[in-house]
Amino acid sequence: MKKIVFICTMCLSFAVSSNGQSPFEQRRLQLLEVASVERERGFQTVTAKLLAGRDREYALTMLDSLTSDEAIGGMFYSYSLIGCYLHTRVVLPDSLRKKVRSAYRNRTMYRGDTENHWVTYYTGLYLAAQTWPHQDGTEWFNGKSSSENFQESTEWLNHWIRMSARIGQGEFDSPTYISVFITPMLVLYDFAQDPQMKRKAQMMLDLLFADFAVEHLKGNYAGGHSRDYPEDIVNPLAAPSTFWAWLYFGEPEFAPWSEARFRPRHRGAWEPLFGAVSSYRLPDIIYRIATDRTKPYVQTKTKRVRNIIRFGAEKNPPVFKYTYMTRHYALGSLQGGILQPIQQHTWDVTYASGKPYNTLFTLHPFFSGKELAMFFPEEQKFLSDEVDRYHKVYTNPNKWNSSSPYEQTFQHKNALIVLYNIEQGAIHPHIDGFFPKNLEQRVVDKSGWIFCKAGDTYMAFFPLKPYEWIEEEINWRWRSHELKNGAVVEIGSSTADVSFDRFRKKVSASIPLFKNFEENLTVQYTTRMGDRMKFTFGGERVLNGKHVDFARYRFFDGPYLQSEYKSGIITMLYKGSKRVLDFNEVSITE
Amino acid sequence: MNSSLHTILTPLLMFWLSGSALPEGNQQDSSAYFAAVYFNRGSTAVGTLGDIGLFRKREGDTLWINLRPNTITPGVAFAKYGGASLLYLAGGNGLHRSADRGKSWKVLTGWQTNEILSVALHPTSSSILYISTPFGVFKSTDGGEHWGNKMRGFKSWYIRQVKIDLDVPESIYAIDEETLYRSVNGGEKWSALNVGVQGVKCFLQHPVDHDILLVGTEDHGIRISLDRGKRWRAAQGLPSSPVYALRSSQDGKQIYAAGYQTGVWKSEDRGRSWTNLWLATGIDAIYSLFVHPNNPDHIIVGTNGKGMFESLDRGATWRQAGLPFAHVKQIELYPN
């Protein structure tokens, strides 16, 4: 009887809600509908089918298969399984409930080695231990009792939340990995029985979404990223973050699963389904921050480097982010250097566009065993091969994601200087730039500037050294083989510059100065707005004669999101509204 | 993978079962080999768990069995305290202990320790444990209930290996990949031993002459001390290739060394000079070495991604010995 009531309630709420509810309600129900007809095996699709009252037998078979298949397991399995179970347990037969329970006894939930691994692992363990309390160690894969597992998970989640709210995430602003921070927090918010933990999960969700919102541009996660895959870097709307933007911010307007660019890589990845069935609701202020681009603004952030285990003086040195947001484009950067292994994306301009590949950036395709050994405990000599096996492109000279010790940036609003000082004998002694082929214009000006136009966005790129163009399928690869190298970038738009020609005229009047660059590695540039930038690789960043001091960076600084470093207090502002997350008091005030 | 193992191991097992090579005691003692294995870090992260962890092959068995838990496993250790036999696994999820030879496990460490890279067991007290991790050495004095960080004196926090002195259990050795450290007070304070070079990768104390210490290094072959760490010099004969593993026969008459593109080397003068035993063509690196305690003719090596190879004639000939794609970090033989 209980099951029938539950199914009827869900179907009823589904039917009622789909009639003239808020746009978010409509989107979440649309997502539930689409995910519920998905045929590929996954905990989210099981959840969708059971909650939508569709394909029940198929869903149960799918769940049975997922809990029987001992070839899969680990941290992602752990939190997804408990999320699915807690959402649907009322309609599960006893036999499947027992199978779900035994999954936490019979298979190793591997804890992994990254921040998202530990968040998913400990969220899964927390909720599992809460769900099956008072059981001894023989009932758990790790031999610890329910209370031991619950305590350990609580401690680590508190530790992570405390750190993330004070010095930032190590896997910050990742268009891919944001999914595996949001989703476990949604599940934790929905099912943590401890009101403190539930509130903390809510605050973390607010923080994750606000962090995204201030760098959100029409579905794109703009700015520098700690980690991302090349497919998403060159095609930003292909990233999983787009799905979350669609669900919570209502942008882009197209449904991600119907887009060819999104679907192939993320088929079966329905994590946002846990958002569609969650009781968490995005505060309106975050929605406004994410979608109001009427005025350009600068947002700075402080994050942290992933845990350094070797070759470092500090475990988590700070990362400094700078992003300039407009309604047409965002120019964003990290300060450069090795801040994350393998998947770092240091800078780009991302522009609002109906076309794919809406970005432009440069990088040095660096790899080394030493870089990896900074972050992984294995033997330095084999790490590159190990990583290449999984990430495929790590050692590739043509890759589109990379950190490099030979790359540094200096940004001021819509202008950026990126410098390279590549060591003699470096394995890939060149720098590459991604210029999408679908730009409306790509003009090499006699002044040395390369001007590009994409809709309302105008881009100017001044290479310091000779280069070549290599034609590829979706892009022109700008490549320069000089070791001491760099570029100056300035971005404009139809709003700020009226026309592309006018933008070109203004920018080409200002030529970067880099006399004796081989010796001093210094570039000076006066932007078209008259700001004077001076940057020396490994040295000072000077703006209008004043030294730019990263040590003065706040945790968040911008018109919409503010926080002092290590304060634990995050303030969101939008017009007359204000929302304060106080992680010290575990309170939210508006 | 398992069917090929069967083919490979059958002749070996037939040989063993005939009893021609092993002493009486070993036949009565149905011992088991344990191999600590991890695979590609990436594949473990996404949840394919079948090929990592601790593997066991009993005498008389034909296959290596994957004992749960499936977690990146750099090391294994075994000790008997009174009537209790305890098996420890140094792994990605923490330090595991089993009191029933791997049927069930308990993780002894919490969230404060990351991956466990090695474990050192006190010779007489099950209460005292040392682990090395990417973030330091930790010690427990209550059998793993609580852990304290023991890093006073280290210059870096990545500690690759920790070992207890064969004579004085309060004397502990640890390596941080730069040099060898020693604590004479159970880890409370550490002092670097000046081995003369940097890049220390592995450590061995001679099983008979305990004053002889050996370290394998990244770029300088093997360094030897004959006075328990006061003075060091280069061992003779080895190339300057990285040495990741050192292992002695139980009587100390043969010591073996291996590493990155080194093949296997042997010393019969307690580590002073070395000769090449096996080129190991096609094997880029060897992580671990094993010498049968009762049969020094039997040597096993654990490789980086090519499983195990063994020799039954003290290194004259070699053959595949199982887990052909495994990264084998440690091989041990423990009594039942």
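The rules behind these values
- Residues numbered from 1 in each chain as written.
- Chains lettered and ligands numbered in written order.
- Predicted model: local features only at pLDDT ≥ 70, side-chain atom pairs only at ≥ 80, totals over all residues.
- Helix = DSSP H or I, 4+ residues; strand = E, 2+ residues; numbered from the N terminus.
- Buried ≥ 20, exposed ≤ 12 C-beta atoms within 10 Å, placed from the backbone.
- Contact = placed C-beta atoms within 7 Å.
- Axes fitted to C-alpha atoms, helices over the stretch in contact; angles between N-to-C directions.
- Parallel < 35°, antiparallel > 145°, perpendicular 65-115°, else oblique.
- Left-handed = near helix turned anticlockwise from the far one by under 90°.
- Domains from an automatic or database assignment.
- Nonpolar A, V, L, I, M, F, W, Y, C, P; charged D, E, K, R; others polar.
- Pairing = 2+ DSSP bridges.

1. Focus: the overall build of chain A
Piece 1. Looking only at helices and strands, one finds 20 helices and 26 strands in chain A.
Piece 2. Projected onto its principal axes, the C-alpha coordinates of chain A cover approximately 80 × 55 × 45 Å.
Piece 3. When the 590 residues of chain A are sorted by exposure, 54% land in the buried category.
Piece 4. Across chain A, every contact between residues at least 6 apart in sequence was considered, and the portion connecting residues at least 24 apart equals 67%.

2. A look at unusual backbone geometry
All names here are of chain A.
Piece 1. Here the bond from Glu-251 into Pro-252 is cis, since omega is 0 degrees, no more than 30 degrees from zero.
Piece 2. Tracing the backbone through its elements, the reader meets Pro-252 in the loop between helix H12 (240-249) and helix H13 (263-266).
Piece 3. For Ile-342, which is not glycine, the phi torsion reads 75 degrees and is therefore positive.
Piece 4. With respect to the helices and strands, Ile-342 occurs in the loop between strand S6 (336-337) and strand S7 (347-351).
Piece 5. For Lys-566, which is not a glycine, the phi torsion comes out positive at approximately 70 degrees.
Piece 6. Checked against the element boundaries, Lys-566 lands in the loop between strand S23 (561-562) and strand S24 (569-574).

3. Considerations on the packing of helix H10 (residues 195-213) of chain A against helix H15 (residues 284-291) of chain A
Residues and elements named next belong to chain A.
Piece 1. Where H10 contacts H15, the two axes come as close as 8 Å, and the packing angle between them is 20 degrees. The pairing of H10 with H15 is recorded here as roughly parallel in orientation. With respect to the hand of their crossing, H10 and H15 are arranged in left-handed fashion. Seen from H10, the contacting residues are Asp-206, Phe-209, Ala-210 and Ala-213; seen from H15, they are Ile-286, Ile-289 and Ala-290.

4. Side note on the environment of A:Tyr420
All names here are of chain A.
Piece 1. Within the element layout of this structure, Tyr-420 appears in strand S10 (residues 415-421).
Piece 2. For Tyr-420, a count of 25 C-beta atoms within 10 Å puts it in the buried group.
Piece 3. Once the C-alpha coordinates of Tyr-420 and Phe-434 are considered, the two residues, 14 residues apart in sequence, prove to be 16 Å apart.
Piece 4. Beyond its immediate chain neighbours, meaning those up to four positions away, Tyr-420 contacts His-364, Tyr-406, Glu-407, Ile-431, Asn-485 and Gly-486.

5. What about the domain arrangement of chain A?
Residues and elements named next belong to chain A.
Piece 1. Domain parsing of chain A yields domain 1 (2-284) and domain 2 (293-553).
Piece 2. If you look at the interface, domain 1 gives 26 residues, while domain 2 gives 36 residues.
Piece 3. The leading source of residues in the side of domain 1 that touches domain 2 is helix H11 (residues 230-234), at three residues.
Piece 4. For the side of domain 1 that touches domain 2, a count of residues per class yields 11 nonpolar, nine polar and six charged.

6. Description of the pairing of strand S25 (residues 577-582) of chain A
The side chains of a regular strand alternate between the sheet's two faces.
Residues and elements named next belong to chain A.
Piece 1. Two elements, S24 and S25, share six bridges in a ladder whose sense is antiparallel. The residue of S25 that forms the bridge with Thr-571 is Val-580.
Piece 2. Counting the residues in the hairpin turn of S24 and S25 gives two residues, including Lys-575, whose phi is positive at 45 degrees.
Piece 3. Sheet topology places S25 next to strand S26 (residues 587-589); three bridges connect them, and they run antiparallel. Directly across from Leu-581, in S26, lies its bridge partner Ile-588.

7. A short note on the interface of chain A and chain B
Piece 1. The partner chain B presents 32 residues to the 32 residues of chain A that form the contact.
Piece 2. Elements supplying a minimum of two residues to the side of chain A that touches chain B: helix H5 (75-88), helix H8 (146-166) and helix H17 (380-391) of chain A.
Piece 3. Element by element, the count of residues in the side of chain A that touches chain B is highest for H17(A), at seven residues.
Piece 4. For the side of chain A that touches chain B, the class distribution of residues is 13 nonpolar, 10 polar and nine charged.

8. A few points about the sheet that holds strand S27 (residues 319-322) of chain B
Residues and elements named next belong to chain B.
Piece 1. As summarised here, the arrangement of the four strands in space is S24-S25-S26-S27, forming an open sheet in which the pairing is antiparallel. Of all strands in the sheet, those with a lone pairing partner are strand S24 (286-291) and S27, marking the two edges. If you compare each strand with its neighbour and ignore which way they point, the axes differ by 30 degrees on average.

9. As for the environment of A:Ser494
Residues and elements named next belong to chain A.
Piece 1. Mapped onto the elements of the fold, Ser-494 is located in helix H18 (residues 494-497).
Piece 2. For Ser-494, a count of 16 C-beta atoms within 10 Å translates into the label partly exposed.
Piece 3. Along the primary structure Ser-494 and Gly-250 are separated by 244 residues, whereas in three dimensions their C-alpha atoms are 25 Å apart.

10. Regarding the packing of helix H4 (residues 56-68) of chain A against helix H6 (residues 94-106) of chain A
All names here are of chain A.
Piece 1. Their axes nearest at 9 Å, the elements H4 and H6 cross at an angle of 30 degrees. Regarding the angle of H4 to H6, the classification is roughly parallel. Of the two possible hands of crossing, H4 and H6 adopt the one that is left-handed. In this structure, H4 contributes Leu-60, Leu-63, Asp-64, Thr-67 and Ser-68 to the contact, and H6 contributes Leu-96, Lys-99, Val-100 and Ala-103.
Piece 2. Here the contact of H4 with H6 is built from residues that sort into five nonpolar, two polar and two charged.

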